[in-house]
Amino acid sequence: MCSRVWFVTDRRISQEYPQVQILRALKERCADEDVEFRYLLMDQIVLTISEGQLGLRVEQELVTSYPQVVLVRVPTPWVQSDSDITVLRHLEKMGCRLVNRPQAILNCVNKFWTFQELAGHGVPLPDTYSYGGHDNFRKMIDEAEPLGYPVVVKNARGHRGKAVFLARDKHHLTDLCHLIRHDTPYLFQEYVKESHGRDVRVVLVGGRVVGSMLRCSTDGRMQSNCSLGGVGMMCPLSEQGKQLAIEVSNILGMDVCGVDLLQLNDGSFVVCEANANVGFIAFDQACGIDVAGIIADFALSTLPSRLTRKMSLLSVVSSTSETSSEPEVCMVNTGGGSLPEAVCNMSVGSSSSESDPELAEPSQSSPRHSSASALSDLPDLPDAAYNFNTLLANEIKLLTE
């Protein structure tokens, strides 16, 4: 069966850096791997149900060969469940593996929905209030008093640090009520003073941390978004921070995401936000990582042909480990479409160029070669005239390159 991958995005964001870079990376990898590739915009797709069967039409032509994997990039603040999510649900119900899945995207469309998903799992969150109905912002001025002042006020569908305010007191909150738009709800959130003007952006792919970046405001404002003039720099992340970001990604069901963490005085973290359509232009520059290439590698790793071969190899590894007298060998984790360990650890160990020379400055080589060099760090295996584990390790390396 021919392997097929589609990249589907929204026309409004198709020319932005992340989408351009992902398109470049997917084209390169699909050409190298002999995988059929197609690039589509959401408004080019027509959904059909004919004779009781789901189908697709693109530019007045019936689609007869469907993809096994669809990489999706949609602008989450503008996502409409009656249009965008309908397209993604249709593809998923036709058997396509979506990266990210529709429910994962919905979990991040609304900031309060994100917190609803995370609540009850032991994830540290700032106390947060919101409301039902329309135009009930004024009612919340009294209802949110237990949060204290100053209090953070956010549009539930805001993005890139926009429509976020720090209300000094009740009078300031009343003034805001007259200035803001009430077409979407707002949430009221406990102010984390020690993290004012800074946060840590963690990018995850396939449930693994690929890097972390400290973002700092340059003008004294609370938001640290680089799109608002903040600056970003690569920073090491504590184990607690890594595990928290991974837990958030897993709970929300996201394959590709950004998790923003606020750091407390004791070094621990609380979750600020999660992003299903994470931007990474500043992240690439600060960390010297080809995030688009890593996303493309993960998307191809979820192809059924790849997963079948990996599961077969893992079965052999399992049976061999029970009978082999060879010393145990650390193997690369290839289960569940996750990234190779070497790729995942590229940026989180240290910000020092001595400890990780590949991150000292962005690589000038092709992303393909960068991934291959990361995988070359597989541990040396014991010498033996015939070492079955060596053969398995080499085969797994070929699968993940």
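Read on for an overview of the structure.

Before going further, it helps to spend a moment on the overall build of the protein. The number of helices and strands found in the protein is 13 helices and 16 strands. When the 401 residues of the protein are sorted by exposure, 50% land in the buried category. Of all intrachain contacts in the protein linking residues separated by at least 6 positions in sequence, the fraction that spans at least 24 positions is 69%. Here the protein displays about 19000 Å² of accessible surface, and carbon together with sulfur accounts for 49% of that area.

This next bit is on the pattern of salt bridges. Under the counting rule described, the total for this entry stands at 15 salt bridges. In this structure, D297 engages R29 in a salt bridge whose closest nitrogen and oxygen atoms are separated by 2.6 Å. Placement of the pair is D297 in helix α9 (residues 291-301) and R29 in helix α1 (residues 17-33), with a sequence separation of 268 residues. Relative accessible area serves as the criterion here: at 18%, D297 is assigned to the buried category.

Bringing the sheet that holds strand β4 (residues 53-58) into the picture now. Spatial strand order, β3-β4-β5: 3 strands in an open sheet with antiparallel pairing. The open sheet has two edge strands, β3 (45-50) and β5 (61-62), and neither has a second partner. Pairing of β4 with β5 involves 2 bridges; the strand directions are antiparallel. By the bridge assignment for β5, R57 is matched with L62. Sitting on the sheet, helix α2 (residues 84-93) touches β3 and β4, and the angle it makes with β3 is about 55°.

Another aspect to go through is the packing of aromatic side chains. Applying the stated rule across the entire model yields 2 aromatic pairs. Each ring, one from F7 and one from Y39, has its centre 5.7 Å from the other, and the planes form 35°; the classification is tilted. Remark: Y39 occurs in strand β2 (residues 36-41) and F7 occurs in strand β1 (residues 4-9); sequence separation between them is 32 residues. Ring geometry for Y17 against F280: centres 5.9 Å apart, planes inclined by 70°, an arrangement best described as edge-to-face. Here Y17 is found in helix α1, whereas its partner F280 is found in the loop between β16 (269-275) and α8 (281-287), with 263 residues between them in sequence.

For the rest of this paragraph, the subject is the sheet that holds β2. Pairing is parallel in the open sheet, where 4 strands are placed in the order β2-β1-β6-β7. Of all the strands in the sheet, just β2 and β7 (97-99) have a single pairing partner and so form its edges. Sheet twist, expressed as the average angle between the axes of neighbouring strands with direction ignored, equals 20°. Running over the sheet, α2 touches β1, β6 (69-73) and β7 and is turned about 140° from β7.

Interhelical geometry of helix α3 (residues 102-109) versus helix α4 (residues 111-118) gives an angle of 115° and a closest axis separation of 5 Å. Compared by their axis directions, α3 and α4 come out roughly perpendicular. In contact with L106, N107, C108 and V109 of α3, α4 contributes K111, W113, T114 and E117. By residue class, the composition of the contact of α3 with α4 is 4 nonpolar, 2 polar and 2 charged.

Here we take up α2. Those residues of α2 not exposed but buried are D84, I85, V87, L88, H90 and L91. On its buried side, α2 packs onto β1, β3, β4, β6, β7 and α3. Of the residues trailing α2, G95 is marked for its positive phi of about 100°.

What follows covers the environment of V192. Structurally, the position occupied by V192 is in the loop between β11 (186-190) and β12 (198-205). Taking the C-alpha atoms as reference, V192 lies 7.6 Å from L262; in sequence the two are 70 residues apart. In contact with V192, not counting residues within four places along its chain, are P126, L262, L264 and V270.

Pairing of β3 with β4 involves 6 bridges; the strand directions are antiparallel. Bridge pairing in β4 places I49 opposite L54. What sits between the antiparallel neighbours β3 and β4 is a turn of 2 residues, in which E51 has the positive phi angle 55°. Connecting β4 to the antiparallel partner β5 that follows it, the hairpin turn spans 2 residues, and E59 within it adopts a positive phi of roughly 50°.

In this section: the side chain of Q19. Relative to the elements of secondary structure, Q19 occurs in helix α1. Within the local environment of Q19, its side chain forms a polar contact with the backbone oxygen of I13, the two atoms lying 2.7 Å apart.

Omega for the peptide link from V99 to N100 comes to 0°, which places this bond in the cis form. Tracing the sequence through the fold places N100 in the loop between β7 and α3. Of note, the phi angle at D34 is positive, near 60°, even though the residue is not glycine. Relative to the helices and strands, D34 is located in the loop between α1 and β2. Since its relative accessible area comes to 69%, D34 is described here as exposed. Look at Q60: it is not a glycine, yet its phi comes out positive at around 65°. Position of Q60 among the secondary structure elements: in the loop between β4 and β5. Residue classification places Q60 among the exposed positions, given a relative accessible area of 74%.

The rules we used
- Counting from 1, residues in each chain are numbered in the order their sequence is written.
- Only residues with pLDDT of at least 70 are given local features in this predicted model, and only at 80 or more are side-chain atom pairs given and counted; all residues enter the totals for whole chains, interfaces and linings.
- Heavy atoms from the whole structure form the basis of all side-chain values; hydrogens and water molecules are not counted.
- The numbering of helices and of strands both runs from the N terminus, where a helix is a DSSP run of H or I of at least 4 residues and a strand a run of E of at least 2.
- Buried, partly exposed and exposed residues are distinguished by accessible area as a fraction of the type maximum, computed with a 1.4 Å probe on protein chains only: under 20%, between the cut-offs, and over 50%, respectively.
- What makes two residues a contact is simply this: any of their non-hydrogen atoms within 4.5 Å.
- Surface exposure here means Shrake-Rupley accessible area, sampled with a 1.4 Å probe, where a residue is shielded only by the protein chains that are shown.
- Here, a salt bridge means any side-chain nitrogen of Lys or Arg that lies within 4 Å of a carboxyl oxygen of Asp or Glu.
- Only strands that DSSP links by at least two bridges are regarded as paired with each other.
- Fitting a line to C-alpha atoms yields each axis, with helices limited to the stretch in contact; the angle taken between N-to-C directions then spans 0 to 180 degrees.
- Centre distance within 6.5 Å is the pairing criterion for rings of Phe, Tyr and Trp, where only the six-membered ring of Trp is used; planes under 30 degrees apart are then read as stacked, over 60 as edge-to-face, and the remainder as tilted.
- Angular relationships are summarised with four words: roughly parallel below 35 degrees, roughly antiparallel beyond 145, roughly perpendicular across 65 to 115, and oblique for the angles in between.
- All residues other than Ala, Val, Leu, Ile, Met, Phe, Trp, Tyr, Cys, Pro, Asp, Glu, Lys and Arg, Gly among them, are scored as polar; the first ten of these are nonpolar and the last four charged.
- N or O atoms within 3.5 Å of each other form a polar contact, as long as, within protein, one can give a hydrogen and the other can take it, and as long as residues adjacent in sequence are counted only when both atoms are side-chain atoms.

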